[in-house]
Amino acid sequence: MVRRCLVTFKPFRIFVVGVGFFSLCFLMTSLGGQFSAKRLGDSPFTIRTEVLGGVESRGVLRKISDMLEVILKRMDTLSKLDNSSTSDARRLDELSSAINRFQPAGLVERIQAIAQNVSNMAMRVEQMLQSSMMQGRVLRDGSASQCEVPRDSRFPECPGKVDWMRARWTSDPCYAFYGVDGSDCSFLIYLSEVEWFCPPLPWRNHTSTPTQHTQQTKSPKRQAAFRTDLSVLLDQVGGGKESLSFMKRRIRRLAQQWATAANRLGAKLGQRWRDQKKVLIHVGFLTEESGDVFSPKVLKGGPLGEMVQWADILTALHVLGHNLKISMSVKELQGFLGVPPGRGSCPLTGPLPFDLIYTDYHGLQQMKQHMGLSLKKHKCHIRVIDTFGTEPAYNHEEYATLHGYRTNWGYWNLNARQYMTMFPHTPDNSFMGFVSEELNETEKRSIQQNKVNSMAVVYGKEASMWKLQGKDGFLEILHKYMEVHGTVYYETQRPPEVPAFVKNHGLLPQHELQQLLRKAKLFIGFGFPYEGPAPLEAIANGCIFLQPKFQPPHSSLNHEFFRGKPTSREVFSQHPYAEEYIGRPYVMTVDYNNSLEFDAAVKEIMRTKVEPYLPYEYTCEGMLERVHAYIQNQDFCLPEPPFIPANFSRLGSASGSRVIRPLFVPLPNSTSLGWASNVTAPAAWPPLSSLRLLVSQEGQSCVEACQSAGFICEPAHFRFVNNKEALRGLEVQCEVVDSEINHILPAFSVMRRECSLQREPLLFSCAGHSPKYRRLCPCRDFLRGQVALCRDCL
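None of these values were measured; they are calculated from a predicted model. (Residues numbered from 1 in each chain as written. Predicted model: local features only at pLDDT ≥ 70, side-chain atom pairs only at ≥ 80, totals over all residues. Heavy atoms only, no water.)

Participant: Whenever I open this one, helix H5 (residues 158–168) confuses me. Can you help?
Facilitator: Residues Cys158, Pro159, Val162 and Met165 constitute the buried set of H5. The buried side chains of H5 occupy one side of the element, clustering within an arc of 120° when seen end-on. Those residues of H5 that are buried are in contact with helix H6 (173–177) and helix H7 (184–193). (Buried < 20%, exposed > 50% of the residue type's maximum accessible area, 1.4 Å probe, protein only. Helix = DSSP H or I, 4+ residues; strand = E, 2+ residues; numbered from the N terminus. Arc of directions from axis to C-beta. Contact = heavy atoms within 4.5 Å.)

So, in structure tokens, the structure goes:
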């Protein structure tokens, strides 16, 4: 072993000699223009400058001399590490003599650049020296075998990461910060104790620094208790920005409703134990580091939907009794995570001090760029608040890059359920939502008595929203029947985009806007903004929402707003949730380009009487119930063991033979299959009692297939139907069954009688579809008014 190390060490010393010799040649060539009669610039290495003199020249000379002396000392140290090769030593002596004889004269001003090059080379030699000394220690201690790269099936990426470190460990100073010095031992120590790609080294002392693999003393679990006092939360939110002031006003306004909801949910859950979680909330889009374009527009008609949702998320987590830390800047984030300042992109070591981190795409990027948070190591704790959703094909970095799904967002390789949306439009994600103010019975009666049948309010606070082509036509029709009101922001004069017959109130505070909506009969949208909270608030205040139908539907393929977003979802109206989950008589979706259809819709609205309506999932209690279920049941840090159907489908008989029983059986009065009641179901959430297995049509996604059958696609159940037993239960004829990496799998081709199973769990996708394949779709039931939860989910 020693002999092999010595052999590998000789070329290294020769390499160091070569580096020194090259630096000498570089220096002499750079000075060549001063020693010859040639014009400056004749040599490709000369620098066009004027000659320095006096003290300044001597200072530069001294710097060069110091750098060369450092190199000589390092080379001298290297020469002492091994005396087995006299020829190598002779080369070092010759180089030393050559450098000592070299006396540069007539230095030029910009030779500072050469000094810097020499300095860099000295640093590189220092790194080489450390590596050589480490190898020397390995030889002396007889521990070379302890640093051989392990081949461990539990850590399949270890050898590749070691190779990467060998080639690139000098690319980031944080590796040296953690003691990496170029030796395999330092690579393995880093990759096992700072990162988690390699197994821990048995000869290392694991008691000093807590890591991913050391046994930590877990703090005892604490039970979460509902809170109704929001004063602590309001202090934590802070101030200094109009966006934060808006969020705090909202929290105060809804405080009583949150308290009532907490009491109701507490009674529903009874004495059930709820773990208290340590939760970090980092609102990335409001940080100065992200540009924060939202805060300055709060009082100028800018978008408020994201602030509405974040205010409600903060309140829900606080009311549920969890231990919160709230960050609105990268500096606060660093403090909460315990990251020393100025450590660049070095990964966070030790255990994460939080059970959960709620952030957004901006915050996720900040964690990667500024925090040194090792997302590979800690990403299972993260929840990303994502308004429009992220589909699995965009989330899987390699797949997205190879198949044209790469965008500026997405590609984080999370479990798709870690993305949490504002509306339940992407079943691959988790539905977080927000709340709308709930009216009591007295308020509802008052609204119905004071409704003005001929009053309409336009959905659009910014003047730009009124620039819709063709709006004058349908507004003129509306004006024939109703008095039209607007809430468009302006500073000095009325926006020219707003027609003269529109009574514009300007931007209204929330309580004044609510009073206006309580009088109006109609709330009309122009097609933008998409999927905001305002239509739900209008419906909750007794309005009917009229919105345009999109033909063709808007998507990232044909509309600038959706371009670059990590979703292929097609939007058929301004507010799909209102159209699909609420519908008539509260919501009417018509073609605004058809004047007859629009005219008929307005007349119908004037004849129709509706009561204020708010879906349960958008009440305070509904949101508390949903967030509680997620926190207590979703755990993406626990590995999901591979589902092996044979372990469940085979049963012993009295004769000793093995009987195969089906896992999936037809459900009564349904075309779908369910989990067999006589087969023990593996632990899962949502539980497998909610599973409804069916087949899509060709070109149909599982979102559409499940929805058409009255169910919801459940991505957590894909792993239980990604097998031959599911194909057999559906009576699919397969001549070939293979496994591939594709976001439409599991699926089969009827024409070719080919069946394909999914090989990459991150690509299980409700959204995927193909005109050539029919998909196996794991659907589930859901609670009325709470689409995020199945009947047995609580």
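Participant: Just checking my understanding: could you explain the packing of helix H10 (residues 255–269) against helix H23 (residues 620–633) for this structure?
Facilitator: Helix packing geometry: the angle between the two helix axes and the distance between the axes. Interhelical geometry of H10 versus H23 gives an angle of 50° and a closest axis separation of 8 Å. Relative to H23, H10 is oriented oblique. Read as a crossing pair, H10 and H23 show a hand that is right-handed. Residues Gln257, Trp258, Ala261, Ala262, Arg264, Leu265, Lys268 and Leu269 of H10 pack against Cys620, Glu621, Met623, Leu624, Glu625 and His628 of H23. Looking at the contact of H10 with H23, its residues break down into eight nonpolar, two polar and four charged. (Axes fitted to C-alpha atoms, helices over the stretch in contact; angles between N-to-C directions. Parallel < 35°, antiparallel > 145°, perpendicular 65-115°, else oblique. Left-handed = near helix turned anticlockwise from the far one by under 90°. Nonpolar A, V, L, I, M, F, W, Y, C, P; charged D, E, K, R; others polar.)

Participant: Would you explain the packing of aromatic side chains in this entry?
Facilitator: The description of an aromatic ring pair uses the distance of the two centres, along with the angle that the planes make with each other. A full pass over the atoms with the stated rule returns 36 aromatic pairs. A centroid spacing of 5.4 Å and a plane angle of 75° characterise the contact between Phe528 and Phe561, whose relative ring orientation is edge-to-face. Of this pair, Phe528 sits in the loop between strand S10 (522–525) and helix H20 (534–540) while Phe561 sits in the loop between strand S11 (544–554) and strand S12 (571–573), and the two are 33 residues apart along the sequence. Judged by centre distance (5.1 Å) and plane angle (75°), the rings of Phe643 and Phe720 are edge-to-face. With Phe643 in the loop between H23 and helix H24 (646–649) and Phe720 in helix H26 (residues 718–721), this pair connects stretches of sequence that are 77 residues apart. With a relative accessible area of 14%, Phe643 lands in the buried category. Here Phe720 falls in the buried class, since its relative accessible area comes to 1%. Pairwise contacts between aromatic rings join Phe388, Phe528, Tyr530, Phe550, Phe561 and Phe562 into one cluster. Sitting over the ring of Phe226, Arg274 keeps its end group 4.1 Å from the ring centre. (Phe/Tyr/Trp six-rings, centres within 6.5 Å; stacked < 30°, edge-to-face > 60°. Lys NZ or Arg CZ within 6 Å of the ring centre and 35° of its normal.)

Participant: What is the right way to look at the pattern of salt bridges in this model?
Facilitator: Side chains that differ in charge, positive against negative, can pair when their charged atoms come close. Tallied over the full model, the rule gives 28 salt bridges. Among the ionic pairs, Lys268 bridges to Glu625, the shortest N-O distance being 2.9 Å. Here the residue Lys268 occupies a position in helix H10, and Glu625 occupies one in helix H23, the gap between them amounting to 357 residues. Among the residues examined, Lys268 registers a relative accessible area of 43% and is labelled partly exposed. Sharing partners across several salt bridges, the network here consists of Arg264, Lys268, Glu621 and Glu625. (Salt bridge = Lys/Arg side-chain N within 4 Å of Asp/Glu carboxyl O.)

Participant: When you look at the state of the cysteines in this model, what are you seeing that I'm missing?
Facilitator: Every disulfide links exactly two cysteines, by a covalent bond between their sulfur atoms. Across all of its chains, the model carries eight disulfides by this definition. Each sulfur of the disulfide joining Cys702 and Cys777 lies 2.1 Å from the other. Disulfide Cys702-Cys777: the torsion about the S-S bond is -80°, which places it as left-handed. Here Cys702, found in helix H25 (residues 702–708), pairs with Cys777, found in strand S23 (residues 774–780); they are 75 residues apart in sequence, far enough to count as distant. The exposure class of Cys777 is buried, given its relative accessible area of 0%. Covalently, Cys706 is tied to Cys779 through a disulfide, its sulfur atoms 2.0 Å apart. Residues Cys706 and Cys779 are joined by a disulfide whose S-S torsion is about -80°; by sign, that bridge is left-handed. (Disulfide = S-S within 2.5 Å.)

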